[in-house]
Amino acid sequence: FFKVIFIFLFILMICYSRFVDNKLRNNKKPYLVHQNLTISWNKFRKIRMSDSNDHKSSLKSNDSIEPPPVSERCLRTQMPVITLTRRLLALAKRPSLSLGQGVVYWGPPAAALQRISDLAGQEALLQANIGSMDPNASGNFPATQLNEYVPNEGIPALRERLRQKIREKNGLTDYDLFVTPGANHGFTAACLAVLDEGDTAVLFEPYYFDHEMSLSMLGGGVRCEVGKSDPKTLKPDLAWLEDRLMNQPHPPKMVVLCTPNNPTGVVLDSTDLNRAAAICAAGGVWLVVDATYEDFMLSDDAVRQVRENVANGEPPYKLPRGPNVLHLFSMSKAYGMMGWRVGYICYPLPSLGTFPFRSLSPSGGKGGFNHNDPADTTPTKTMTNGMVGSVKRGRVNPLDPIGAQLLKIMDITCICAPAVGQQLALACLDPDLDAPQDGLSYVERRIASLASNRNRLRRALAPLSGLVGVGEGE
């Protein structure tokens, strides 16, 4: 009798095992989770066939399970050099100073910080009394200014003040902007908004390492091409750029300029910038201008250019406008707000018109032309109303402006820049909190104090003349 029962149970176990196998296969469930370990079904079958004790020990041992691979995009992206520099400084046996990162010694204005302190005090008072408030009474729960989500685009009052700034200081009329968690995020947002699989972006050497890292981490076959620079001035070779865009196949879709340059400090004057913008417009590609260090132009030529602009009734730090030109700015440097993470990306509005936009083609052609087929004379698609559009194989969606793309990108990457940082930026830009002293604003006074440091560094490097150059910027 017991033998019959044993055989029956054995057959039942086999049938149940086959049933589970088929059920999992039919449901296409390739993973089982056991004790917080994700184990492939094939590996689980091998474990199940082993001895019961080995089975339990294998499930409990992390050593016997290899983790899945990490992203190839991340693996091929270099480590941030600033992090490596900090580690080297931590190992120094005596006090050391790094010249590898452009940060200032000052912080935001005291009056602006006091305003944030007052806002924080109001928030603390609200939270302390929130338990005694009637949740059913209207008006008992006012919207907080530091804890709530703010619009993806940024706090309206801050955006309005920044619009005024870019109009008066940079001459960027017909532009709007998004507040970002620093200019680095703004650059990544620009890349996501305008680059597709197979596209190329041009950086001019020496370039800002985070720009290259962003392009490398995008994946999808996005390529980074290093453009030529003048070996003496270190300025981008615009003749090379013009030839690259107009005469060579497979042109890039985006060109990046940084002025004052990080890391060299080299400044591109209005002539350089306008020529670069005209070349990119003629070639139908995007131009991204990173002006993070716009306030740090200390050379005689740069100061003379600013004075001439003001004397001619033009904005002091005039930048090129165009339906294909994006601009990046930061509050980190001039206002000492590095840790508060506030920057902004400026993009053209529809009123700036159109430009011939070179889109991807299945043949890898240039500007919509199939350069492998001489008979192909299809004209380039036109970028209307300052729009990026959904550019896929020559098609442009005229109802998809670049602002809409930036809105999506902000929502999925960070939702919004930190509310407390935006409130501090708003306070820094409040003219009532920045009364000029000796005709200079808070930022102008601080930057003027850098002149003696710069001159001292130049004297220290003088013996290396011919080997080390000092740029026009910081």
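If you're wondering where the values come from, they're calculated on a predicted model, not measured in any experiment. (Residues numbered from 1 in each chain as written. Predicted model: local features only at pLDDT ≥ 70, side-chain atom pairs only at ≥ 80, totals over all residues. Heavy atoms only, no water.)

Another point: the packing of helix α7 (residues 156–170) against helix α14 (residues 419–428). Two measures define how a pair of helices packs: the angle their axes make with one another and the distance between the axes. Where α7 meets α14, the closest approach of the two axes is 9 Å, and the angle between their N-to-C directions is 45°. Between α7 and α14, the interaxial angle falls into the category oblique. In this structure, the crossing between α7 and α14 has a hand that is left-handed. Of α14, the residues touching α7 (which contributes Ala 157, Leu 158 and Arg 161) are Gln 422, Ala 425 and Leu 426. Looking at the contact of α7 with α14, its residues break down into 4 nonpolar, 1 polar and 1 charged. (Axes fitted to C-alpha atoms, helices over the stretch in contact; angles between N-to-C directions. Helix = DSSP H or I, 4+ residues; strand = E, 2+ residues; numbered from the N terminus. Parallel < 35°, antiparallel > 145°, perpendicular 65-115°, else oblique. Left-handed = near helix turned anticlockwise from the far one by under 90°. Contact = heavy atoms within 4.5 Å. Nonpolar A, V, L, I, M, F, W, Y, C, P; charged D, E, K, R; others polar.)

For the rest of this paragraph, the subject is the pattern of salt bridges. Overall, the coordinates contain 14 salt bridges when judged by the stated rule. Here Asp 199 makes a salt bridge to Lys 253, at a shortest N to O gap of 3.4 Å. One end of the pair, Asp 199, is in the loop between α8 (183–194) and β4 (200–204); the other, Lys 253, is in the loop between α10 (238–247) and β6 (254–258), and 54 residues separate them in sequence. Assessed through its relative accessible area of 4%, Asp 199 is described here as buried. Linked by salt bridges that have partners in common, Arg 159, Glu 160, Arg 163 and Asp 176 make up one network. (Salt bridge = Lys/Arg side-chain N within 4 Å of Asp/Glu carboxyl O. Buried < 20%, exposed > 50% of the residue type's maximum accessible area, 1.4 Å probe, protein only.)

Moving on, we come to α14. For α14, the buried fraction is high: 9 of the 10 residues fall into the buried class. Of all the residues in α14, the buried ones are Ala 419, Gly 421, Gln 422, Gln 423, Leu 424, Ala 425, Leu 426, Ala 427 and Cys 428. Against α6 (110–129), α7 and β3 (175–180) lie the buried residues of α14.

Overall, mixed pairing links the 7 strands, which are arranged β3-β9-β8-β7-β6-β4-β5 in an open sheet. Both outer strands of the open sheet, β3 and β5 (223–227), are each paired with one neighbouring strand and no more. On average, each strand axis in the sheet is inclined to that of its neighbour by 20°, with strand direction left out of account. As paired strands, β3 and strand β9 (residues 343–348) are joined by 6 bridges and run antiparallel to one another. Across the sheet, residue Val 179 finds its bridge partner in β9, namely Tyr 344. Sheet strands in contact with helix α9 (residues 209–218) are β4, β5, β6 and β7 (286–290), and its direction is about 165° off that of β4. (Pairing = 2+ DSSP bridges.)

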